[in-house]
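Working through the structure, step by step
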Amino acid sequence: MLELEKISKIYKTGTFGGKKLLAVNNVSFDVKDGEVISLIGESGSGKSTIGKMILGLISISSGMIRLNGVDITTLKGCALKDYYRNVQGVFQDPFSSYNPIFKADRIFRIIREEFFPKINNREWDKKIDSSLRAVGLNPDEVLNKFPHQLSGGQLQRFLIARALLLDVQFLVADEIISMLDASTRIDVLNLLAELKSRGLSILFITHDLSLGYYISERAVILYRGCVVEMGATEQIYYHPLHPYTKMLMVSVPRLDRKWEEVEIKLKAKHLELPSGCVYYERCPFADKDKDCAKRPPLIEAESGHFVTCSHYMEVNERV
Ligand SMILES: Nc1ncnc2c1ncn2[C@@H]1O[C@H](COP(=O)(O)OP(=O)(O)OP(=O)(O)O)[C@@H](O)[C@H]1O
Ligand SMILES: [Mg+2]
């Protein structure tokens, strides 16, 4: 199980790093073995920052991340290498993950040098063959090719195959479907579902609600670096409690309606409030004199369904 406990990330910005940006604010959730969790939020809400902290690519400003009870921020040397055997990431743009002047299989060679220095050629070839086949790639069709000779879907599968070489238990999948065409999307989603059925845990980062619904048991909704709602996917999609989640659900385009017919009933008041609820400025329920001026805590509104809103009971009444 991977646990995030009150993690925050402050980036230093500005010319001399004099400004600070709180990109992730006190986020806690866990991902159980074999579970897929969708991390959903608009651009800039801090999704990739959370993924990068899990992958150890950037430091954590405060809080703790644990894999099977072990704090990952203290790992060094062999223990850190072991962590990377178990936890790997695949990112949005498959092309940027490859150097265009090297053949795509070079990324396998790097893994071999780093993690399997003693393996013989025959065993290694067998390992590559089985991990490529596990992601539906024919080794003869993809090995020895330059990245531009492969499709985006093939490259994305290639990266997942690379993660599988390491007996990975936990995959951070950061917008890995966004750049693929519709039919390849479904292929890669089905591949993730199959890996999940074999026990892999996945943090599925997306801003696309329909993808989140397709793949995950639970969803975490992020707004300005804060968790505003989380729970079982059905609860979040069919019974959202936070005004932001509700707005997201109402705004999803439906194929059976033209956009002029869609009346988005939740209109923001655009009031200014520097502290307090993170959604205050856009929230139709925001009330300066009431609880919204304070930061609402994450409360369990129904079993396993958490929300940070003092007005969550009114949200479904009003729409
Ligand atoms: N290295 C960095 N230095 C400074 N600020 C950063 C850095 N990386 C990200 N940020 C800022 O942190 C915030 C969160 O960024 P992040 O990339 O985590 O968002 P995201 O939810 O993944 O967005 P997107 O959907 O566009 O990928 C943004 O305001 C972003 O500009
Ligand atoms: Mg991102």
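Residues numbered from 1 in each chain as written. Chains lettered and ligands numbered in written order. Predicted model: local features only at pLDDT ≥ 70, side-chain atom pairs only at ≥ 80, totals over all residues. Heavy atoms only, no water.

Side note on the sheet that holds strand E6 (residues 87–90)
If you trace the eight strands from one edge of the open sheet to the other, you get E6-E7-E8-E3-E9-E10-E12-E11, paired in mixed fashion. Edge strands, defined here as strands with exactly one partner in the open sheet, are E6 and strand E11 (299–302). Here the strands of the sheet are splayed against their neighbours by 20° on average, with no regard to which way each runs. Pairing of strand E10 (residues 226–232) with strand E12 (residues 305–307), which is carried by two bridges, proceeds in the antiparallel orientation. Looking at E12, one finds that methionine 230 is bridged to phenylalanine 306. Contacts from helix H6 (residues 152–165) reach E6 and strand E7 (170–174), with the element oriented near 175° to E6. (Pairing = 2+ DSSP bridges. Helix = DSSP H or I, 4+ residues; strand = E, 2+ residues; numbered from the N terminus. Axes fitted to C-alpha atoms, helices over the stretch in contact; angles between N-to-C directions. Contact = heavy atoms within 4.5 Å.)

A closer look at the packing of helix H3 (residues 106–115) against helix H4 (residues 121–134)
Where H3 contacts H4, the two axes come as close as 12 Å, and the packing angle between them is 130°. If you check the angle between H3 and H4, you find them oblique. The two elements H3 and H4 meet at a crossing, and its hand is right-handed. Contact with H3, carried on its side by Phe108, Ile111 and Arg112, involves Asn121, Trp124, Ile128 and Leu132 of H4 and no other residues of that element. (Parallel < 35°, antiparallel > 145°, perpendicular 65-115°, else oblique. Left-handed = near helix turned anticlockwise from the far one by under 90°.)

Remarks on the confidence of the model for the protein chain
The predicted coordinates of low-pLDDT regions are not to be read in fine detail. With 90% of its residues at a pLDDT of 70 or more, the protein chain shows a mean pLDDT of 84. Note on residues 262–273: pLDDT is under 50 here. Beyond four places in sequence and across chains, it has 31 contacts. (pLDDT = per-residue confidence, 0-100.)

A closer look at the nonpolar core
Ranked by internal contacts, the top residues of the largest apolar core, which has 41 residues, are Phe108, Phe158, Ile160, Leu192 and Phe204. Every element with two or more residues in this core is listed here: H3, H4, H6, E7, helix H7 (182–197), strand E8 (201–206) and helix H8 (209–215). At seven residues, the largest contribution of residues to this core is made by H6. Once residues within four sequence positions are removed from consideration, leucine 192 is found in contact with Ile160, Leu171, Ile176, Ile202, Phe204 and Ile215. Counting 28 residues, the second-largest nonpolar core is a separate cluster that includes Ile54, Ile72, Val87 and Ile205. (Core = buried A, V, L, I, M, F, W, Y, C linked by side-chain atoms within 4.5 Å. Buried < 20%, exposed > 50% of the residue type's maximum accessible area, 1.4 Å probe, protein only.)

Description of the sheet that holds strand E5 (residues 70–71)
One key point about sheets: their strands pair by backbone hydrogen bonds, in either a parallel or an antiparallel sense. The sheet built from four strands is open, its strands ordered E2-E1-E4-E5 with antiparallel pairing. What marks the edges here is a single partner per strand, and that holds for strand E2 (19–31) and E5. Where helix H1 (residues 47–54) meets the sheet, its contacts fall on strand E1 (2–13), E2 and strand E4 (62–67), and the angle it forms with E1 comes to roughly 115°.

Details of the packing of aromatic side chains
Evaluation of the coordinates by the stated rule reveals eight aromatic pairs. Ring geometry for phenylalanine 108 and phenylalanine 158: centres 5.0 Å apart, planes at 10°, overall stacked. Pair noted here: phenylalanine 108 is in helix H3 and phenylalanine 158 is in helix H6, with a separation of 50 residues, a long-range link. Each member of the pair phenylalanine 108 and phenylalanine 158 is classed as buried. For the pair tyrosine 223 and tyrosine 279, a centre-to-centre distance of 5.0 Å together with 90° between the ring planes defines the contact as edge-to-face. Pair noted here: tyrosine 223 is in strand E9 (residues 218–223) and tyrosine 279 is in the loop between helix H10 (243–251) and E11, with a separation of 56 residues, a long-range link. Overall, the relative accessible area of 2% leaves tyrosine 279 in the buried class. Grouping aromatic residues by their ring pairs yields a cluster made of Tyr213, Tyr237 and Tyr238. (Phe/Tyr/Trp six-rings, centres within 6.5 Å; stacked < 30°, edge-to-face > 60°.)

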